[in-house]
Amino acid sequence: MQRLAIFDLDNTLVDRQGPLTDWVSAFSSQYALNDHDRADLLQVVHARAYPSAFETIRAQYGLAPSAETLWRDYCAYMARSVSCPADVLEGLSTLRRTGWKIAVATNGANEIQTEKAAVSGIVDHVDAVCASEAAGVRKPEVAMFEKAAASCGADLALGGWMIGDGVDTDIRGGRAAGLRTIWIGGGRSWPGDDAEPDHATTDVRQAIDLLLTTVS
Ligand SMILES: [Mg+2]
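Rules behind the numbers
- Residues numbered from 1 in each chain as written.
- Predicted model: local features only at pLDDT ≥ 70, side-chain atom pairs only at ≥ 80, totals over all residues.
- Heavy atoms only, no water.
- Buried < 20%, exposed > 50% of the residue type's maximum accessible area, 1.4 Å probe, protein only.
- Helix = DSSP H or I, 4+ residues; strand = E, 2+ residues; numbered from the N terminus.
- Pairing = 2+ DSSP bridges.
- Donors = N, O, S within 2.8 Å, 3.2 Å for Na, K, Ca; no water.

A.B. asks: Would you mind going over the pairing of strand S2 (residues 101-106) with me for this structure?
C.D. replies: Both faces of the sheet carry side chains from a regular strand, because those side chains alternate between them. Of all 6 residues that make up S2, 5 are buried, and the element is covered over most of its length. Here strand S1 (residues 4-7) pairs with S2 via 4 bridges, running parallel. Across the sheet, the residue bridging to Ala5 is Ile102, located in S2. Alignment of S2 against strand S3 (residues 128-131), held across 4 bridges, turns out to be parallel. Bridge pairing in S3 places Ala105 opposite Cys130.

A.B. asks: Help me understand the coordination of the magnesium ion in this model?
C.D. replies: Four donors placed tetrahedrally about a metal ideally form angles of 109.5 degrees, and six donors placed octahedrally ideally form angles of 90 or 180 degrees. The protein atoms donating to the magnesium ion are Asp8 (OD), Asp10 (O) and Asp165 (OD), with metal-donor distances spanning 2.1 to 2.2 Å. Written as a sequence motif, the donor arrangement for the magnesium ion is D-x1-D-x154-D. Taken as a pair, Asp8 in the loop between S1 and helix H1 (17-30) and Asp165 in the loop between strand S4 (161-164) and helix H9 (167-176) lie far apart in primary sequence, 157 residues in all. Asp165 shares its class with Asp8; the two are buried.

Geometry only, nothing functional implied.
In structure tokens, the structure reads:
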């Protein structure tokens, strides 16, 4: 099998949940939202935030700034809040040094996902970053994995690995695309009756170590 590793970004290579919760608190304070509004706001951006979400947020809370300004502020906040642990960056470098091609495949708006990959330093340690908005397809569609593989000069038909926390997007999607899978399950049990991932780890550094030590 070729040495191709496709990584998810949010809550795999970087923690999105912590910065997102912090953003909701900061935004709610700035615009004097009550606890109910705060919970609603988290729901709106929980799975994924796009510029259109800020039209909704602006209208819902009667905010003065334009949706464009709110979106830009959100992007800036999230981009400066995410980070990738040094041992994970080091692991990505080691993978590449040992002949692995590495792509990041992430669902989300191109602007913010590429900014997060840049600010966290990830972009310097991988061959390509593929955001679904730019790709025109999204996980778990097989075409997203094809584009991620092609973006780093690999052919999906020759196999590889998908590493991520998403049960449907990363693991079921990766499996359907013919990839072997490592689920960043954080210690949770696999939540389905279908085949389990090839491996499950609590964090992405352990997943990288598996690739380095057990995959020939
Ligand atoms: Mg994820």
